[in-house]
Structures are given as C-alpha cells and as structure tokens.
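The chain contents come next:
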Amino acid sequence: MLTISFESSAKSASVALTRDGILLAQSFQNNGLTHSRTLLPMAEDLLKNCGVDKRELERVAVARGPGSFTGVRIGVSVAKGLCWALDIPACGVSTLEAMAWQGIFAPEGSLLCCAMDARRDQVYNAVFRVRQGRPVRLCPDRAISIAELDAEFEAAVKKIAEKEVILLGDGAERCYNTLRGAVLPPQHLRLQSAYGVALAAEGAPDVSCHNLLPLYLRVSQAERERATDNEQRITNNGQP
C-alpha cells in the first residue's frame, strides 16, 4: 500500500513516502519555520521527486498527538484534507509510539523512553520495550514531571540492570541529565520522524477523514486561562 505520512507534532516537520512499510523517500526540516508554510510544499516536492502522482496514494498516516497543539492540528488538518480530496483512508498514530519505532535498533529487552517537551517541567511520555524488533508498549501516553519519571526509572532500572534505557524525542535531552545511565542517541535517530509514523501505522486500523481527531493530553494555555478567568468571576460574584 502506497502511504504518505506526516509528522509535525514538535519543532521539526517531516513527510515520508512508503510502500508496505518500505521507505521510498523522506523529507525532514528542523529550521523553526511554521508547519503551515512547510508541510504541504514538502509533500508536493517529495511526490514530484519520486515521480508519484498524488492520485496514486492509497493511505495517509499522521502523528495525531500528543505534542504541540498547533503542530498537531496542522498535521491532522493536512491529512484530513488529503484523505477527503482523494477519497482514501487515514491512520492516526500516537506521536510517542511513532518515536519508539525509531528505537528498534536497540538490543533485545532495552527500554525505550519516549519524551516530548511539554513545558511546565513536564514531558509527554510513554515507555516501550524492544521485543523481536518491535516496540511493546508498557504504559499509556501521559504527561509526567521529569522528577516523577526519574523516580520511576530508578526503580525500573534496578530490575533490568543489564539492559539499556534509550531516550527518544525532542524531550530526550531534558531527561538525559536526570535519568542516570540512559543512552542519548544522535539527533537523526532521536527526533520524531514521518518514517516512524509510517512504521507505527503498519497494521494499525484505518479511519475515515471525518473520524481522524487530534489527541491532546492536556488542555491548551488558552483553555487554562479561560478557566482561571471563569473561576475569578465566580469568586468576584460575576464581576470582571
């Protein structure tokens, strides 16, 4: 199946073209430009360079979160638009699970600690174990403080002292100074990529474009501020 995959959940953005999980081409940018400017042109150039007409595409995969609220929305919107225009199915995957697929180079039994910078001294995190060349999920996607993650791993590493802990994602460096003994891969293996999305989408269920939705683990800053304003109005008997 010819699939185009998108990853725009953090600062970097990438697009990959795969056939039955085999990478045909990938475009990656980490220059800070907004994804609304870069994602579609990257996809158009990728298809053109591969000599593929967009009407040949059979599926669109996308990282649907967690991650940057704006980045996730842009990626999901691009995927929905393509699926609607081409009348093909979509597949939304966890950003963290897609990251874990980039760590399957690790030795059997290694722990993959996927982390995205969620600010406010937190990371979006999920943990996987490498089993027969695949990541096996050990916990759900979550927002967790770095201190809590450190305490959790201190206990876990004692049980698997002979195994490696591999840090993945744009939050990996924040965790590296805290999680003792963890391995920090080079950036090209560590950061989120559309090829990881494509691998995570292999065997995952398809949905229609109408049912493809972002996955947020926390409310946005605007929603938090609105909730705070509402609480203050209640406290002040409706006065601003």
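Details of the structure are given in the entry above.
Quick caveat: nothing in here was measured; it's all calculated off a predicted structure.

How each quantity is defined
- Residues numbered from 1 in each chain as written.
- Predicted model: local features only at pLDDT ≥ 70, side-chain atom pairs only at ≥ 80, totals over all residues.
- Heavy atoms only, no water.
- Phe/Tyr/Trp six-rings, centres within 6.5 Å; stacked < 30°, edge-to-face > 60°.
- Helix = DSSP H or I, 4+ residues; strand = E, 2+ residues; numbered from the N terminus.
- Buried < 20%, exposed > 50% of the residue type's maximum accessible area, 1.4 Å probe, protein only.
- Salt bridge = Lys/Arg side-chain N within 4 Å of Asp/Glu carboxyl O.
- Pairing = 2+ DSSP bridges.
- Contact = heavy atoms within 4.5 Å.
- Axes fitted to C-alpha atoms, helices over the stretch in contact; angles between N-to-C directions.

Draft legend 1. Structural context of the packing of aromatic side chains. Per the counting criterion, the structure on display carries one aromatic pair. The interplanar angle of 35° and the centroid separation of 4.8 Å between the aromatic rings of Phe69 and Tyr216 together place this pair among those described as tilted. Taken together, the residues span a long stretch of sequence, with Phe69 in helix α2 (residues 69-86) and Tyr216 in the loop between α7 (194-201) and α8 (221-235) at a distance of 147 residues. Classification of Phe69 by relative accessible area gives buried; the value is 17%. Overall, the relative accessible area of 30% leaves Tyr216 in the partly exposed class.

Draft legend 2. Up close: the pattern of salt bridges. Inspection of the entire model under this criterion finds nine salt bridges. As a salt-bridge pair, Glu108 and Arg131 come within 3.8 Å of each other at their nearest N and O atoms. On the criterion of sequence distance, the pair formed by Glu108 in the loop between α3 (95-101) and β6 (111-119) and Arg131 in strand β7 (residues 122-131) is long-range, its members being 23 residues apart. If you follow the salt bridges from partner to partner, you end up with Glu97, Arg137 and Asp141 in one network.

Draft legend 3. Layout of the pairing of strand β3 (residues 22-29). Across seven bridges, the pairing between strand β2 (residues 13-19) and β3 is antiparallel. Looking at β3, one finds that Val15 is bridged to Ser27. The loop that links β2 with its antiparallel partner β3 comprises two residues; one of these, Asp20, has a positive phi angle of about 55°.

Draft legend 4. Spotlight on α7. For α7, the buried fraction is high: seven of the eight residues fall into the buried class. Along α7, the positions that sit buried rather than exposed are Ala194, Gly196, Val197, Ala198, Leu199, Ala200 and Ala201. Packed against the buried residues of α7 are β1 (2-7), β2, β3, β4 (59-63), β5 (90-93) and α3. Taken from the residues just after α7, Gly203 is the one with a positive phi, measuring 85°.

Draft legend 5. Inspection of the sheet that holds β4 at higher detail. Strand order in the open sheet formed by five strands is β3-β2-β1-β4-β5, and the pairing between neighbours is mixed. Two strands close off the open sheet at either side, each with one partner strand: β3 and β5. Strand-to-strand, the axes of this sheet are offset by a mean angle of 15°, without reference to chain direction. Bridge analysis of β1 against β4 gives four bridges, and the strand direction is parallel. Opposite Ser5, over in β4, you have Ala61 as the bridge partner. Packed onto the sheet, helix α1 (residues 35-50) meets β1, β2 and β3 and runs at close to 30° relative to β2. Along the sheet face, α7 touches β1, β2, β3, β4 and β5 and points at about 125° away from the line of β1.

Draft legend 6. Representation of the environment of Leu112. One can find Leu112 in strand β6. Take Leu112: its relative accessible area is 0%, and that puts it in the buried class. Sequence-wise, Leu112 and Val130 are 18 residues apart; in three dimensions their C-alpha atoms are separated by 7.3 Å. Not counting residues within four places of it along the chain, the set of residues in contact with Leu112 comprises Ala100, Gly103, Ala106, Ala126, Val127, Phe128, Val130, Pro135, Ile166 and Leu168.

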